[in-house]
Amino acid sequence: MEKTKIKAHSAVLIANVIFGLGVPVTKLLLDDWVSPMAYMASRFIGATIIFWLVSLFLPREHVNPKDLLVIICGGLLGFVISLTLSAWALNYTTPVYFSFIASLTPVATMALAALFIGEKLSGRGVFGVIIGIVGTMLMVLMGWQGGSGSNDLLGIVLALLSMLTWAGYLIITRSVSTKYSAVTQLKWIFLVATIAILPFSWSDLQGATLYSSAWQWSGMLEMVFIVLIVTVIGSFATPYAMRYLPATTVSVYINLQPIVASLVAISIGQDVLTWDKPVALVLVLLSAYIVTKK
């Protein structure tokens, strides 16, 4: 059992390093090759094909209809809504601001758990939430005064909504994550996600520079990285880890994303280091530590 938990911790650790790397790569794709809707459709279509192909070589699992409904609803919330909001957020703000907002996920997860499944929130937890809000407001105010994104305030709001919907996904799917394999869950999640997003993204896919005669290998390799590494491998690790770890524990590892994304984004010139970024990061990470520490 201890070895299984180590594997679960390792899986979610690797996943969030991958997600952190995916943030600046996503920004490159949105700037040069695809719209947010075409980006999401590409991710979902690619992941659907891969997970259904992989499932053909694994033992077939019968999914209870009620559990399938939970998987589908959680998938729509955590993947269609949350990831689409993420793509739009990165279209307006910088990878560093976006990743700092993602650091609030443990706080949001605990707050939603207290609200919907009756978990008690301690005084220390409330204090942690307040610190997290202060850190977020600092980023909002600085972004509004003049960040380096095209519309930092709108991007930060969209990032907040994305973070909340992802926290909701972690809570909603916790019960089914212990019953079924990650591949079984994800093949249904991405199939439904693809069906849901295609009607809204078909025209964007047809007009995307990446899928026109102007395509280049650099853009295609960036999309392959997002589909294969970030979407397939990164998404696989989350439900796998949730079979053995609480949702809040899984969410804590999201704090790795801003560190990885910030280093990459600043190193390739997507963002600049200003005083508010490290201050906000310290506040958000301190918030997550206070709330999640037993």
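The structure under discussion appears in the preceding block.
In this report, we go over the structure that sits alongside the text. (Residues numbered from 1 in each chain as written. Predicted model: local features only at pLDDT ≥ 70, side-chain atom pairs only at ≥ 80, totals over all residues. Heavy atoms only, no water.)

### Brief notes about the overall build of the protein chain
Stage number 1. Assigned secondary structure in the protein chain consists of 13 helices and zero strands.
Stage number 2. Seen in sequence order, the protein chain has helices and strands lined up from the N terminus as α-α-α-α-α-α-α-α-α-α-α-α-α.
Stage number 3. The buried share among the 294 residues of the protein chain stands at 52%.
Stage number 4. Put simply, 92% of the contacts in the protein chain that link residues at least 6 apart link residues at least 24 apart. (Helix = DSSP H or I, 4+ residues; strand = E, 2+ residues; numbered from the N terminus. Buried < 20%, exposed > 50% of the residue type's maximum accessible area, 1.4 Å probe, protein only. Contact = heavy atoms within 4.5 Å.)

### Details of a nonpolar patch on the surface
Stage number 1. There is a patch of nonpolar side chains on the surface, built from I49, L53, L56 and F57 and spanning about 490 Å² of accessible area.
Stage number 2. Inspection of the secondary structure puts I49 in helix 2 (residues 36–55).
Stage number 3. According to the relative accessible area criterion, I49 is partly exposed, its value standing at 49%. (Patch = residues over 30% accessible without salt bridge, like charges linked within 9 Å, V, L, I, M, F, W, Y side chains within 5 Å. Areas by Shrake-Rupley, 256 points an atom, 1.4 Å probe, with all protein chains shown as cover. Salt bridge = Lys/Arg side-chain N within 4 Å of Asp/Glu carboxyl O.)

### A short note on the packing of aromatic side chains
Stage number 1. Applying the stated rule across the entire model yields six aromatic pairs.
Stage number 2. Here F44 and F190 contribute two aromatic rings whose centre-to-centre distance is 5.9 Å and whose plane-to-plane angle is 55°, an arrangement assigned as tilted. Of this pair, F44 sits in helix 2 while F190 sits in helix 9 (residues 182–207), placing them 146 residues apart in sequence. We note that F44, like F190, is buried.
Stage number 3. Between W166 and Y169, the aromatic rings sit 4.8 Å apart at their centres with planes inclined by 40°, giving tilted as the arrangement. A residue pair is termed a helical-turn pair when its members lie 3 or 4 positions apart in one helix, as W166 and Y169 do in helix 7 (residues 152–172) at three residues. (Phe/Tyr/Trp six-rings, centres within 6.5 Å; stacked < 30°, edge-to-face > 60°.)

### Let's talk about the nonpolar core
Stage number 1. In terms of nonpolar packing, the biggest core is built from 69 residues, with V34, Y39, F44 and F79 touching the most fellow members.
Stage number 2. For this core, the secondary-structure elements that each account for two or more residues are helix 1 (2–32), helix 2, helix 3 (65–92), helix 4 (95–102), helix 5 (105–116), helix 7, helix 9 and helix 10 (217–242).
Stage number 3. With 10 residues, helix 1 is the single largest residue contributor to this core. (Core = buried A, V, L, I, M, F, W, Y, C linked by side-chain atoms within 4.5 Å.)

### Brief notes about helix 2
Stage number 1. In this model helix 2 runs 28 Å from its N-terminal to its C-terminal C-alpha over 20 residues, within 8% of the 28 Å that 1.5 Å per residue would give.
Stage number 2. Of all 20 residues in helix 2, 14 are buried, a share of seventy percent or more. (Expected span 1.5 Å × (residues − 1).)

### Describing the packing of helix 9 against helix 10
Stage number 1. One way to put it is that helix 9 packs onto helix 10 with a least axis distance of 9 Å and a crossing angle of 125°. Considering the angle they form, helix 9 stands oblique to helix 10. Helix-helix and strand crossings are classified by hand; for helix 9 and helix 10 the assignment is right-handed. Across the interface between the two elements, A182, V183, Q185, L186 and F190 from helix 9 touch T231, S235, F236, P239 and Y240 from helix 10.
Stage number 2. Broken down by class, the residue content of the contact of helix 9 with helix 10 amounts to seven nonpolar, three polar and no charged. (Axes fitted to C-alpha atoms, helices over the stretch in contact; angles between N-to-C directions. Parallel < 35°, antiparallel > 145°, perpendicular 65-115°, else oblique. Left-handed = near helix turned anticlockwise from the far one by under 90°. Nonpolar A, V, L, I, M, F, W, Y, C, P; charged D, E, K, R; others polar.)

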